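Observations on the model geometry
Residue-level listing of the chains:
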Amino acid sequence: METINLIEQEKLAKKSGNKKTFPVTGMTCAACASSVESILVQTEGVSKASVNFANSSVLVDYDGSITDENLQNALRQVGYDIIIDEENPGEVQQELQNKHYQDIKKRTIWSAILTLPIFVLGMFYMDWVPGRWISLAFTVPILFWFGRSFFINAFKQARHGKANMDTLVALSTGIAFLFSVFNTFFPEFWLNQGIEPHVYYEAATVIITFISLGKVLEEKAKSNTSSAIKKLMGLQPKTLKVIENGEEIEIPISSVQVGQTILVRPGEKIPVDGKVSKGNSFVDESMITGEPIPVEKVRGEKVYSGTVNQKGSFQFVAEKVGGETLLSQIIKMVQEAQGSKAPVQKLVDKIAGIFVPVVMGISLITFIVWMSMGGENAFSQALLTSVAVLVIACPCALDLATPTAIMVGIGKGAENNILIKDAESLELGHKVNAVILDKTGTITEGKPVVTDILWSDDTMHRDKYKRILLAIEAQSEHPLAEAVVSYLKSGNTTSGDVLNFQSITGKGVQAEIRNDSKYYVGNRKLLIDNNIRIEPSLNQQAESLEDEAKTVIFFADGKQVLAIMAIADKIKATSKNAIETLREKDIEVYMLTGDNDKTAAAVAKEVGIQHYRSEVLPSDKAEFIEELQSQGKIVAMVGDGINDSHALAQADVSIAMGKGSDIAMDVAKMTLITSNLQSIPKALELSKRTVLGIRQNLFWAFIYNIIGIPIAAGVLYPINGFLLDPMIAGAAMAFSSVSVVANSLRLKRVEL
């Protein structure tokens, strides 16, 4: 109980503040993401901000002293914005992203059309004087209209002492343009010194065109990484039919209220969560459970948003609407996970934050070195190399490396019924070498059923005793009692009158029946305490049933055992194969259960688990995990109940079964929305593939910059006379970001 109370206190403490994901507009590169994050963190009342450049969102943790408008105003001062006060901010962001994409696409096309003649004139007619004036006329709209965003954003950053990728582009193209304009208007300045006055309009315009093209491809690729969210959002219908005064009224889903009666016809998607009030049908709940067989829904049964009605029509009362529905919670969980940062990303963020100033410093040093050692063409070469350094540097590739892989990985998980709450668990999953499984509800179905009922040879009037047993068990709240009641009811037995019902903790129940004697239903301890005799043959049968991992319940009067009932929690069909798969991956599998040793041993033997512990308390599970961790193991805990929550919080990777308790799912970092345990090895394999993608992305991003910047600075010139043209540098920079995103998207095609 103490563990549960602590968890509830922690949940309440979290609720005292706000934790929201906001769509962000105005970010153009990795350094922008760093700026947005630092501005929000410096805002009073904000404890944490995590920007995901890949899906243009920010997850902000802030207290009640500030409003969403305060956050928005803080960002607007430096040229960024967040979307608030919208019913569907995700849809608004999607519209803005589509508009932004179309705008970039249009500007890129026009830039390319106007750049082509400039490129031809610069490459093949460089000495034709009229060609310089034509190039100037075409360059002005490319730089200051189609490429104006680079200069506007760079200016906004400079006003607040910051720099980003736009700063590099604006500086490089601006310097090349100004130098070319000077040489166009005043060529005699260089001719008097015996130097040919070159112009670099083609370099400036090709840089703008290539980088714009890179952004078009990047935006297109980035939109693909969030396809899982779009699919989840698409599961909810836009309108629904409510019943008011006996009439059907169609209303938008945003208008539905808790308590309204909603009509669902065959083939329609259920719009919100609720409880069936009239009619019956079969509902396809595979999007929640992963199970293909439709579930029968009758009065009193719960239905969930996004599931599909199959056959009959029914009405249900709305219980959870808007952001409270299960589907909305799933979407929120995926969004927060995609916005969370893997530990490796924190290092990348620090690098990206200082990257642009460092590059500007390298560019300045490059210019100074070439001016002092470049000979008669010193200025021209110093200008070209310093501009090339500014253009080729790409912090975007670094900053996209982790979040794009994480986003695709989490989306892939959602498609396979694995909901991942944060990036850290996804990154750590591939290191897991010990998996702990709770027994009930995890390895087993968690639905006890009566498999056998055996009567004493001396028992007469069995029908009478069945009625008495049913009457007593109907009063009990124990889960095993429900199984007995369900079994006896299936035999058309009716209950009798119960007097002086008493529950005996850890042993069973006792009760008196009107006009009859006292009866007992419980375990062996109850028999011993009340000196109740059991026939040797019946006792032998009870022991045999216990060896089969069945729980035995004894039914007795004041003198002897009248009957024994065997209750079993059926082992899931997928448990054995899943455990074999884990062991094949050299992962040790442990089972922990509060059940007795005989039952635990039988279950462990049947599913192939070598290590197990029985009769453990919730605190024992957490201590066992600590014990394994002290041995250097990376531990994953899989459970479904409140009693597992302490252990889930202690584990390195915590996995909750989706049909389990809310607290277990709240604590766990991953949730399986299916009863299929094969999802566990799938989740660990997904982690392995995602981390491999991150490492590949970071390797190529770092290598690209490590090799590209020195080449742009001219280190090869003393060896073979090679100098990198700035426009080629621009193309290379654009390609690096696109290649990182494309590599991440490969994960979508992986079979788990």
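Every chain's residues receive numbers from 1 upward, in the order its sequence appears when written. Local features in a predicted model are, by the rule used here, given only for residues with pLDDT of at least 70; side-chain atom pairs are given and counted only at 80 or more, and totals for whole chains, interfaces and linings are based on all residues. The side-chain values count all of the structure's non-hydrogen atoms but skip hydrogen atoms and water molecules.

With that out of the way, let us pick up the overall build of the protein chain. Along its length, the protein chain carries 29 helices and 26 strands. Relative accessibility thresholds used throughout: buried, under 20% of the residue-type maximum; exposed, over 50%; partly exposed, between the two (1.4 Å probe, protein chains only). The burial tally for the protein chain puts 51% of its 752 residues in the buried class. For every accessible area listed, the method is Shrake-Rupley and the probe measures 1.4 Å; residues are considered covered only by the protein chains on display. For the protein chain, the accessible surface area stands at approximately 34,700 Å², while carbon and sulfur atoms represent 54% of it. Helix numbers and strand numbers start at the N terminus; a helix is a DSSP run of H or I with at least 4 residues, a strand a run of E with at least 2.

What follows concerns the sheet that holds strand E8 (residues 273-279). Ordered in space as E6-E5-E7-E13-E8-E11, the six strands form an open sheet in which the pairing is antiparallel. With one partner strand each, in any of the chains shown, strand E6 (247-252) and strand E11 (302-303) form the two edges of the open sheet. Pairing between strands is defined by DSSP: at least two bridges between them are needed.

Right, let's get into the sheet that holds strand E16 (residues 444-455). Spatially, six strands are ordered E16-E21-E20-E19-E18-E17 in an open sheet, and the strand pairing comes out antiparallel. Two strands in the sheet have a free side with no partner beyond their single neighbour: E16 and strand E17 (498-504). Going across the sheet, the axis of each strand differs from the next one's by a mean of 15 degrees, ignoring polarity. Taken together, the six bridges between strand E20 (residues 551-557) and strand E21 (residues 561-571) define a ladder with antiparallel strand orientation. Fitting a line to C-alpha atoms yields each axis, with helices limited to the stretch in contact; the angle taken between N-to-C directions then spans 0 to 180 degrees.

Our focus in this paragraph is the nonpolar core. Of all hydrophobic cores here, the largest spans 41 residues; its most connected members are Val435, Leu437, Ile443, Ile609 and Ile680. Of the residues forming this core, the biggest block, six residues, is contributed by helix H27 (residues 679-713). Residue assignment places this core across two domains, with domain 2 (97-228 + 337-405 + 693-749) and domain 4 (411-444 + 571-685) each supplying three or more. In contact with Ile680, other than residues within four places in its own chain, are Leu437, Leu582, Val638, Ile655 and Leu672. What we call a nonpolar core is a set of buried Ala, Val, Leu, Ile, Met, Phe, Trp, Tyr and Cys residues that are connected through their side-chain atoms within 4.5 Å. In this structure, Ile453, Leu469, Val485 and Ala511 belong to the second largest nonpolar core, which totals 24 residues. All domain edges in this entry derive from an automatic or database-based domain assignment. In what follows, residue pairs with any heavy atoms lying within 4.5 Å of each other are defined as contacts.

Closest axis-to-axis distance for the helix H22 (residues 575-584)/H27 pair is 8 Å, and the angle between their directions is 35 degrees. Across the interface between the two elements, Ala578, Thr581 and Leu582 from H22 touch Ile680, Pro681 and Leu684 from H27. Considered class by class, the residues forming the contact of H22 with H27 number five nonpolar, one polar and no charged. Throughout this entry, Asp, Glu, Lys and Arg are counted as charged residues, while Ala, Val, Leu, Ile, Met, Phe, Trp, Tyr, Cys and Pro are counted as nonpolar. The remaining residues, Gly among them, count as polar.

Attention now moves to the pairing of E6. Moving residue by residue along a regular strand, the side chains alternate between the two faces of the sheet. Pairing analysis gives six bridges linking strand E5 (residues 239-244) to E6, with the strands arranged antiparallel. Bridging across to E6, Leu240 finds its partner in Ile251. The loop that links E5 with its antiparallel partner E6 comprises two residues; one of these, Asn245, has a positive phi angle of about 55 degrees.

Take the residue count of a helix, subtract one, and multiply by 1.5 Å to get its expected span. Across its 13 residues, helix H24 (residues 618-630) extends 19 Å between first and last C-alpha, which sits within 8% of the 18 Å expected from 1.5 Å per residue. As for H24, its buried residues are in contact with strand E15 (434-438), strand E22 (588-592), strand E23 (611-613), strand E24 (635-639) and helix H25 (645-650).

A few words now on the environment of Gly26. With respect to the helices, strands and loops of the structure, Gly26 is situated in the loop between strand E1 (18-25) and helix H2 (30-42). Sequence separation of Gly26 and Ile82 is 56 residues, and the distance between their C-alpha atoms is 8.9 Å.

Let us now look at the side chain of Ser386. Following the sequence through the fold, Ser386 ends up in helix H14 (residues 378-392). Here Ser386 falls in the buried class, since its relative accessible area comes to 7%. Counting of polar contacts relies on pairs of N or O atoms within 3.5 Å, with two restrictions inside protein: one atom must be capable of donating a hydrogen and the other of accepting it, and residues adjacent in sequence are counted only when both atoms are side-chain atoms. Within the structure, Ser386 has its side chain in polar contact with the backbone oxygen of Ala382 (distance 2.8 Å). The contact partners of Ser386, leaving out residues within four places of it in the chain, are Ser363, Thr366 and Phe367.

So yeah, pure geometry; function would need other evidence.
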